[in-house]
Amino acid sequence: MELRASTFSWSNSILTSFHISQPVSMCRTKKFTVLCLDTDKNDDGFNKSQKENQMVVSITGATGFVGRRLVQRLHADNHRVRVLTRSRSKAQSIFPGKKFLCLLCGTCLVRDFPGIVIAEEPEWRDCIQGSYAVVNLAGMPISTRWSSEIKKEIMQSRISITSKVVDIINGSQDVVQPAVLVSATAVGYYGTSETQVFDEQSPSGNDYLAQVCREWESRALKVNKEVRLTLIRIGVVLGKDGGALAKMIPLFMVFAGGPLGSGKQWFSWIHLDDIVNLIYEALSNPSYKGVINGTAPNPVRLAELCEQLGHIMGRPSWLPVPDFALKAVLGEGASVCRFWKGKGYFHRELKSWVTLSNTPS
(Lines give C-alpha, C1' and ligand atoms only; values in the text may rest on other atoms or scores of the structure.)
Protein backbone atom coordinates (compact mmCIF):
# COMPACT_ATOMS: atom_id res chain seq x y z
CA MET A 1 0.00 0.00 0.00
CA GLU A 2 1.53 3.30 -1.08
CA LEU A 3 1.09 6.48 0.89
CA ARG A 4 2.38 9.90 0.05
CA ALA A 5 4.31 12.00 2.53
CA SER A 6 2.59 15.11 1.22
CA THR A 7 -0.53 13.96 3.03
CA PHE A 8 1.02 15.11 6.27
CA SER A 9 2.02 18.40 7.80
CA TRP A 10 5.00 17.95 10.13
CA SER A 11 5.82 20.16 13.09
CA ASN A 12 9.38 21.10 13.97
CA SER A 13 8.94 21.11 17.70
CA ILE A 14 8.14 18.64 20.43
CA LEU A 15 4.53 18.89 21.60
CA THR A 16 3.98 20.41 24.98
CA SER A 17 2.95 17.95 27.68
CA PHE A 18 0.51 20.37 29.31
CA HIS A 19 -2.55 21.61 27.49
CA ILE A 20 -5.68 23.48 28.54
CA SER A 21 -8.37 23.14 25.90
CA GLN A 22 -10.54 25.99 27.18
CA PRO A 23 -10.05 29.71 26.55
CA VAL A 24 -8.72 31.38 29.66
CA SER A 25 -8.44 34.86 31.06
CA MET A 26 -5.47 35.89 33.15
CA CYS A 27 -5.97 37.43 36.61
CA ARG A 28 -2.67 38.84 37.86
CA THR A 29 -1.48 40.01 41.25
CA LYS A 30 2.00 40.86 42.41
CA LYS A 31 2.47 37.41 43.93
CA PHE A 32 0.75 34.93 41.62
CA THR A 33 -1.05 34.30 38.33
CA VAL A 34 -4.45 32.61 38.29
CA LEU A 35 -6.22 30.95 35.35
CA CYS A 36 -10.01 31.42 35.13
CA LEU A 37 -12.14 29.37 32.75
CA ASP A 38 -14.64 30.65 30.23
CA THR A 39 -17.98 29.81 31.87
CA ASP A 40 -19.65 29.27 28.47
CA LYS A 41 -17.89 25.91 28.19
CA ASN A 42 -19.28 22.59 29.32
CA ASP A 43 -17.67 20.86 32.31
CA ASP A 44 -15.92 18.35 30.06
CA GLY A 45 -13.98 21.15 28.34
CA PHE A 46 -15.66 21.20 24.92
CA ASN A 47 -18.32 23.40 23.38
CA LYS A 48 -21.07 22.24 21.01
CA SER A 49 -19.30 23.18 17.78
CA GLN A 50 -16.19 21.26 18.84
CA LYS A 51 -18.24 18.17 19.69
CA GLU A 52 -19.73 18.02 16.20
CA ASN A 53 -16.26 17.33 14.73
CA GLN A 54 -14.93 15.08 17.45
CA MET A 55 -13.67 11.55 17.15
CA VAL A 56 -14.12 9.30 20.16
CA VAL A 57 -10.96 7.19 20.40
CA SER A 58 -10.19 4.41 22.87
CA ILE A 59 -6.47 3.71 23.34
CA THR A 60 -4.60 0.80 24.91
CA GLY A 61 -0.97 1.48 25.78
CA ALA A 62 -1.85 5.14 26.28
CA THR A 63 0.65 5.53 29.13
CA GLY A 64 3.57 4.38 26.97
CA PHE A 65 6.07 6.50 25.03
CA VAL A 66 3.99 6.73 21.83
CA GLY A 67 0.62 6.54 23.58
CA ARG A 68 1.25 9.57 25.78
CA ARG A 69 2.06 11.76 22.78
CA LEU A 70 -0.93 10.46 20.84
CA VAL A 71 -3.29 11.28 23.73
CA GLN A 72 -1.81 14.79 23.93
CA ARG A 73 -2.28 15.29 20.19
CA LEU A 74 -5.87 14.06 20.13
CA HIS A 75 -6.74 16.06 23.23
CA ALA A 76 -5.16 19.22 21.82
CA ASP A 77 -7.37 18.83 18.72
CA ASN A 78 -10.48 18.48 20.90
CA HIS A 79 -11.15 14.80 20.28
CA ARG A 80 -12.58 12.59 23.03
CA VAL A 81 -10.04 10.15 24.45
CA ARG A 82 -10.73 7.01 26.45
CA VAL A 83 -7.59 5.64 28.09
CA LEU A 84 -7.82 1.85 28.50
CA THR A 85 -5.41 0.85 31.26
CA ARG A 86 -4.65 -1.82 33.82
CA SER A 87 -3.57 0.78 36.37
CA ARG A 88 -5.90 3.71 36.94
CA SER A 89 -3.45 5.36 39.35
CA LYS A 90 -0.62 5.31 36.79
CA ALA A 91 -2.87 6.72 34.09
CA GLN A 92 -4.18 9.44 36.39
CA SER A 93 -0.62 10.48 37.27
CA ILE A 94 0.19 10.89 33.56
CA PHE A 95 -3.15 12.45 32.55
CA PRO A 96 -4.28 14.31 35.68
CA GLY A 97 -7.87 15.42 35.79
CA LYS A 98 -7.70 17.11 39.18
CA LYS A 99 -9.71 20.25 39.77
CA PHE A 100 -8.11 23.40 41.13
CA LEU A 101 -9.84 26.30 42.85
CA CYS A 102 -9.20 29.77 41.48
CA LEU A 103 -7.71 31.74 44.37
CA LEU A 104 -9.22 35.01 43.18
CA CYS A 105 -12.63 33.94 41.90
CA GLY A 106 -13.22 31.11 44.34
CA THR A 107 -15.25 29.20 41.72
CA CYS A 108 -13.14 28.65 38.59
CA LEU A 109 -11.82 25.16 37.83
CA VAL A 110 -8.70 24.25 35.86
CA ARG A 111 -7.93 20.70 34.77
CA ASP A 112 -4.94 19.36 32.83
CA PHE A 113 -6.91 16.88 30.69
CA PRO A 114 -10.64 17.66 30.87
CA GLY A 115 -12.87 15.15 29.14
CA ILE A 116 -10.43 12.22 29.17
CA VAL A 117 -11.94 8.99 30.46
CA ILE A 118 -9.64 6.56 32.29
CA ALA A 119 -10.95 2.98 32.40
CA GLU A 120 -9.58 -0.21 33.92
CA GLU A 121 -10.22 -3.59 32.27
CA PRO A 122 -13.75 -4.24 33.61
CA GLU A 123 -14.79 -0.93 32.00
CA TRP A 124 -13.11 -1.46 28.62
CA ARG A 125 -16.21 -2.84 26.95
CA ASP A 126 -18.28 0.24 27.79
CA CYS A 127 -15.52 2.50 26.45
CA ILE A 128 -14.83 0.59 23.23
CA GLN A 129 -18.52 0.27 22.38
CA GLY A 130 -19.54 3.67 21.11
CA SER A 131 -16.01 4.74 20.16
CA TYR A 132 -15.34 5.73 16.58
CA ALA A 133 -11.93 4.05 16.67
CA VAL A 134 -9.63 1.95 18.83
CA VAL A 135 -5.84 2.35 18.84
CA ASN A 136 -4.05 -0.70 20.21
CA LEU A 137 -0.51 0.14 21.38
CA ALA A 138 -0.26 -2.10 24.44
CA GLY A 139 2.63 -4.46 25.04
CA MET A 140 5.56 -4.94 27.37
CA PRO A 141 8.67 -3.00 26.19
CA ILE A 142 11.17 -5.23 24.38
CA SER A 143 14.24 -3.12 25.13
CA THR A 144 15.03 -4.99 28.32
CA ARG A 145 16.93 -8.08 29.43
CA TRP A 146 15.22 -11.18 28.08
CA SER A 147 14.79 -14.09 30.44
CA SER A 148 12.47 -16.94 29.49
CA GLU A 149 9.80 -15.36 31.71
CA ILE A 150 10.25 -11.92 30.12
CA LYS A 151 10.03 -13.40 26.62
CA LYS A 152 6.79 -15.10 27.57
CA GLU A 153 5.41 -11.81 28.94
CA ILE A 154 6.51 -9.88 25.82
CA MET A 155 4.46 -12.29 23.73
CA GLN A 156 1.50 -12.67 26.07
CA SER A 157 1.07 -8.95 26.79
CA ARG A 158 0.51 -8.30 23.10
CA ILE A 159 -1.64 -11.31 22.32
CA SER A 160 -3.95 -11.07 25.32
CA ILE A 161 -4.78 -7.37 25.02
CA THR A 162 -5.18 -7.47 21.24
CA SER A 163 -7.48 -10.50 21.56
CA LYS A 164 -9.54 -8.76 24.25
CA VAL A 165 -9.97 -5.62 22.14
CA VAL A 166 -10.93 -7.62 19.05
CA ASP A 167 -13.40 -9.76 21.01
CA ILE A 168 -15.11 -6.65 22.39
CA ILE A 169 -15.32 -5.06 18.93
CA ASN A 170 -16.65 -8.25 17.33
CA GLY A 171 -19.23 -8.69 20.10
CA SER A 172 -20.58 -5.17 19.69
CA GLN A 173 -23.87 -4.38 18.00
CA ASP A 174 -23.53 -2.47 14.75
CA VAL A 175 -24.79 0.78 16.23
CA VAL A 176 -21.94 0.91 18.79
CA GLN A 177 -19.22 -1.00 16.94
CA PRO A 178 -16.05 1.03 16.26
CA ALA A 179 -15.42 1.77 12.59
CA VAL A 180 -11.61 1.65 12.80
CA LEU A 181 -8.94 -0.42 14.54
CA VAL A 182 -5.36 0.82 14.35
CA SER A 183 -3.16 -1.87 15.83
CA ALA A 184 0.58 -1.59 16.39
CA THR A 185 3.08 -4.26 15.45
CA ALA A 186 6.80 -3.95 14.66
CA VAL A 187 9.38 -4.18 11.90
CA GLY A 188 10.72 -7.16 13.81
CA TYR A 189 8.15 -9.05 11.72
CA TYR A 190 10.73 -9.29 8.92
CA GLY A 191 13.55 -10.85 10.92
CA THR A 192 17.16 -9.72 10.48
CA SER A 193 19.49 -9.21 7.53
CA GLU A 194 22.46 -7.00 6.67
CA THR A 195 21.65 -6.97 2.96
CA GLN A 196 17.92 -7.41 2.35
CA VAL A 197 15.45 -4.58 1.89
CA PHE A 198 12.01 -5.27 3.39
CA ASP A 199 8.67 -3.79 2.39
CA GLU A 200 5.09 -4.58 3.40
CA GLN A 201 4.93 -7.58 1.05
CA SER A 202 8.11 -9.22 2.40
CA PRO A 203 7.70 -12.56 4.21
CA SER A 204 8.11 -12.85 7.96
CA GLY A 205 11.41 -13.86 9.53
CA ASN A 206 12.23 -16.88 11.66
CA ASP A 207 13.50 -15.40 14.91
CA TYR A 208 11.71 -14.76 18.20
CA LEU A 209 10.61 -11.18 17.43
CA ALA A 210 9.22 -12.23 14.07
CA GLN A 211 7.19 -14.91 15.83
CA VAL A 212 5.87 -12.34 18.32
CA CYS A 213 4.80 -10.02 15.50
CA ARG A 214 3.08 -12.80 13.55
CA GLU A 215 1.06 -13.86 16.59
CA TRP A 216 0.33 -10.21 17.43
CA GLU A 217 -0.95 -9.42 13.95
CA SER A 218 -2.93 -12.64 13.65
CA ARG A 219 -5.07 -11.61 16.61
CA ALA A 220 -5.81 -8.19 15.11
CA LEU A 221 -6.70 -9.77 11.76
CA LYS A 222 -9.63 -11.56 13.43
CA VAL A 223 -11.55 -8.29 13.72
CA ASN A 224 -14.84 -8.12 11.81
CA LYS A 225 -14.35 -7.35 8.12
CA GLU A 226 -16.58 -4.27 8.25
CA VAL A 227 -14.08 -2.67 10.65
CA ARG A 228 -11.24 -0.91 8.82
CA LEU A 229 -8.00 -2.41 10.13
CA THR A 230 -4.63 -0.69 9.89
CA LEU A 231 -1.55 -2.62 11.07
CA ILE A 232 1.46 -0.37 11.61
CA ARG A 233 4.82 -2.12 11.75
CA ILE A 234 6.76 0.41 13.80
CA GLY A 235 10.52 0.93 13.69
CA VAL A 236 12.68 2.15 16.58
CA VAL A 237 10.95 5.28 17.88
CA LEU A 238 13.27 8.19 18.69
CA GLY A 239 12.34 11.16 20.84
CA LYS A 240 14.03 13.32 23.42
CA ASP A 241 11.87 12.18 26.36
CA GLY A 242 12.30 8.41 26.30
CA GLY A 243 12.19 5.38 24.04
CA ALA A 244 15.31 3.86 22.51
CA LEU A 245 17.34 7.03 22.98
CA ALA A 246 16.93 6.85 26.75
CA LYS A 247 18.51 3.38 26.66
CA MET A 248 21.35 4.41 24.37
CA ILE A 249 22.58 7.63 25.98
CA PRO A 250 23.86 6.06 29.26
CA LEU A 251 25.99 3.68 27.19
CA PHE A 252 27.33 6.62 25.22
CA MET A 253 28.27 8.41 28.41
CA VAL A 254 30.17 5.42 29.77
CA PHE A 255 31.84 4.40 26.52
CA ALA A 256 32.56 7.90 25.12
CA GLY A 257 29.63 7.94 22.70
CA GLY A 258 30.94 5.52 20.10
CA PRO A 259 29.00 3.23 17.76
CA LEU A 260 27.25 0.21 19.20
CA GLY A 261 29.01 -3.05 18.29
CA SER A 262 30.42 -2.98 14.75
CA GLY A 263 28.38 0.10 13.79
CA LYS A 264 27.39 -1.54 10.49
CA GLN A 265 23.95 -2.58 11.69
CA TRP A 266 20.94 -1.06 9.97
CA PHE A 267 18.73 1.07 12.17
CA SER A 268 15.15 1.53 10.96
CA TRP A 269 13.89 4.48 12.95
CA ILE A 270 11.01 6.94 13.10
CA HIS A 271 10.61 10.18 14.98
CA LEU A 272 8.02 10.16 17.76
CA ASP A 273 6.00 12.97 16.20
CA ASP A 274 5.96 11.19 12.84
CA ILE A 275 4.59 7.93 14.19
CA VAL A 276 1.91 9.88 16.07
CA ASN A 277 1.05 11.75 12.86
CA LEU A 278 0.76 8.42 11.02
CA ILE A 279 -1.59 6.94 13.62
CA TYR A 280 -3.61 10.16 13.66
CA GLU A 281 -3.99 10.09 9.88
CA ALA A 282 -4.90 6.39 9.90
CA LEU A 283 -7.83 7.17 12.20
CA SER A 284 -9.60 9.41 9.72
CA ASN A 285 -8.26 8.53 6.26
CA PRO A 286 -10.15 5.56 4.75
CA SER A 287 -7.30 4.76 2.35
CA TYR A 288 -5.14 3.71 5.30
CA LYS A 289 -5.95 0.01 5.39
CA GLY A 290 -3.81 -3.09 5.79
CA VAL A 291 -0.10 -3.14 6.64
CA ILE A 292 2.00 0.03 6.75
CA ASN A 293 5.67 0.23 7.69
CA GLY A 294 6.03 3.02 10.25
CA THR A 295 9.64 3.97 9.57
CA ALA A 296 11.64 6.76 7.97
CA PRO A 297 12.21 6.09 4.23
CA ASN A 298 15.95 5.62 4.63
CA PRO A 299 17.44 3.60 7.49
CA VAL A 300 20.90 4.53 8.71
CA ARG A 301 23.88 2.58 9.91
CA LEU A 302 24.28 2.72 13.67
CA ALA A 303 27.69 4.32 13.18
CA GLU A 304 26.04 7.30 11.47
CA LEU A 305 23.44 7.66 14.20
CA CYS A 306 26.09 7.47 16.89
CA GLU A 307 28.32 9.98 15.12
CA GLN A 308 25.54 12.54 15.18
CA LEU A 309 24.64 11.83 18.80
CA GLY A 310 28.27 11.95 19.84
CA HIS A 311 28.72 15.31 18.13
CA ILE A 312 25.68 16.83 19.83
CA MET A 313 26.66 15.39 23.22
CA GLY A 314 30.25 16.55 22.89
CA ARG A 315 31.56 13.00 22.99
CA PRO A 316 34.04 11.40 20.59
CA SER A 317 32.35 8.80 18.41
CA TRP A 318 35.28 6.61 17.44
CA LEU A 319 35.32 4.22 20.43
CA PRO A 320 32.69 1.50 19.87
CA VAL A 321 30.42 0.12 22.54
CA PRO A 322 31.24 -3.62 22.52
CA ASP A 323 28.62 -6.31 22.04
CA PHE A 324 29.10 -7.62 25.56
CA ALA A 325 28.09 -4.21 26.96
CA LEU A 326 24.90 -4.20 24.91
CA LYS A 327 24.02 -7.69 26.06
CA ALA A 328 24.83 -6.81 29.68
CA VAL A 329 22.22 -4.05 29.53
CA LEU A 330 19.62 -5.57 27.21
CA GLY A 331 20.34 -9.30 27.08
CA GLU A 332 18.87 -10.75 23.86
CA GLY A 333 17.07 -7.44 23.51
CA ALA A 334 20.32 -6.08 22.07
CA SER A 335 19.23 -7.62 18.76
CA VAL A 336 16.44 -5.04 18.61
CA CYS A 337 18.79 -2.43 17.14
CA ARG A 338 20.18 -4.66 14.39
CA PHE A 339 19.65 -5.33 10.74
CA TRP A 340 16.21 -3.80 10.13
CA LYS A 341 16.12 -2.08 6.77
CA GLY A 342 12.50 -1.15 6.27
CA LYS A 343 10.90 0.80 3.45
CA GLY A 344 8.72 3.49 4.99
CA TYR A 345 6.91 6.71 4.12
CA PHE A 346 8.41 9.46 6.26
CA HIS A 347 11.46 11.64 6.13
CA ARG A 348 13.20 13.60 8.80
CA GLU A 349 16.89 14.33 8.33
CA LEU A 350 18.73 12.51 11.09
CA LYS A 351 21.18 15.32 11.75
CA SER A 352 18.40 17.90 11.98
CA TRP A 353 16.38 15.69 14.28
CA VAL A 354 19.30 15.04 16.63
CA THR A 355 19.92 18.79 16.85
CA LEU A 356 16.23 19.44 17.57
CA SER A 357 15.95 16.66 20.16
CA ASN A 358 18.89 17.95 22.15
CA THR A 359 17.79 21.57 22.17
CA PRO A 360 16.45 22.48 25.64
CA SER A 361 12.69 22.98 25.54
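A brief report on the enclosed structure follows. Computed from a predicted model, the values in this text were never measured in an experiment. (Residues numbered from 1 in each chain as written. Predicted model: local features only at pLDDT ≥ 70, side-chain atom pairs only at ≥ 80, totals over all residues. Heavy atoms only, no water.)

Let's shift gears to the sheet that holds strand 11 (residues 236-239). Read across the open sheet, the three strands follow the order 12-11-14; overall the sheet is mixed. The sheet is open, and its two edges are formed by strand 12 (242-243) and strand 14 (269-271), each paired on a single side. In this structure, strand 11 lies alongside strand 14, joined through three bridges in parallel fashion. Paired with V237 across the strands is I270, a residue of strand 14. Strands strand 11 and strand 14 of the sheet are contacted by helix 8 (residues 272-284), whose axis makes an angle of about 80° with strand 14. (Pairing = 2+ DSSP bridges. Helix = DSSP H or I, 4+ residues; strand = E, 2+ residues; numbered from the N terminus. Contact = heavy atoms within 4.5 Å. Axes fitted to C-alpha atoms, helices over the stretch in contact; angles between N-to-C directions.)

Counted at 1.5 Å a residue, the expected span for helix 2 (residues 65-76) with its twelve residues is 16 Å, and the 17 Å between its end C-alpha atoms agrees. The buried fraction of helix 2 amounts to nine of the twelve residues, a majority that puts the element mostly inside the structure. Burial in helix 2 covers these residues: F65, V66, G67, R69, L70, V71, Q72, L74 and H75. N78 sits one or two positions beyond helix 2 and adopts a positive phi of about 70°. (Expected span 1.5 Å × (residues − 1). Buried < 20%, exposed > 50% of the residue type's maximum accessible area, 1.4 Å probe, protein only.)

Let us now look at the pattern of salt bridges. In total, this model carries seven salt bridges according to the counting rule given. With a shortest N-O distance of 3.8 Å, K164 and E121 are connected by a salt bridge. Pair noted here: K164 is in helix 5 (residues 148-170) and E121 is in the loop between strand 7 (117-119) and helix 4 (124-128), with a separation of 43 residues, a long-range link. Overall, the relative accessible area of 28% leaves K164 in the partly exposed class. Residues joined in a network through salt bridges with shared partners are R86, E121 and K164. (Salt bridge = Lys/Arg side-chain N within 4 Å of Asp/Glu carboxyl O.)

Here we come to unusual backbone geometry. Unusually for a residue other than glycine, N78 sits at a positive phi of about 70°. Exposure remark for N78: the relative accessible area of 17% places this residue in the buried category.

The next point concerns the nonpolar core. Ranked by size, the top nonpolar core spans 43 residues in total, and within it I59, L74, V83, V135, I275 and I279 carry the most contacts. Elements supplying a minimum of two residues to this core: strand 3 (56-60), helix 2, strand 4 (80-84), strand 8 (133-136), strand 9 (180-186), helix 6 (208-220), strand 10 (228-234) and helix 8. Counting residues per element, this core draws most heavily on helix 8, which supplies eight residues. Excluding its chain neighbours within four sequence positions, the residues that come into contact with I275 are V66, I232, I234, V237, I270 and G294. In this structure, A119, A138, A220 and V227 belong to the second largest nonpolar core, which totals 18 residues. (Core = buried A, V, L, I, M, F, W, Y, C linked by side-chain atoms within 4.5 Å.)

Relative to strand 4, strand 3 runs parallel, the two sharing five bridges. Considered in strand 4, the bridge of T60 is made with L84. With helix 2 bridging strand 3 and its parallel neighbour strand 4, the resulting β-α-β unit is right-handed. With three bridges joining them, strand 4 and strand 7 adopt parallel strand pairing. When the sheet's bridge partners are listed, L84 is paired in strand 7 with A119. (Right-handed = clockwise from strand over helix to strand, strands pointing away.)

Before going further, it helps to examine the sheet that holds strand 3. Note: strands within a sheet are paired through backbone hydrogen bonds, in either parallel or antiparallel orientation. Here we have seven strands laid out as an open sheet, ordered 7-4-3-8-9-10-15, and parallel in their pairing. Each edge of the open sheet carries a strand with a single partner, namely strand 7 and strand 15 (290-294). Going across the sheet, the axis of each strand differs from the next one's by a mean of 20°, ignoring polarity. In the packing of helix 6 onto the sheet, contacts are made with strand 8, strand 9 and strand 10, and the angle to strand 9 comes to roughly 175°.

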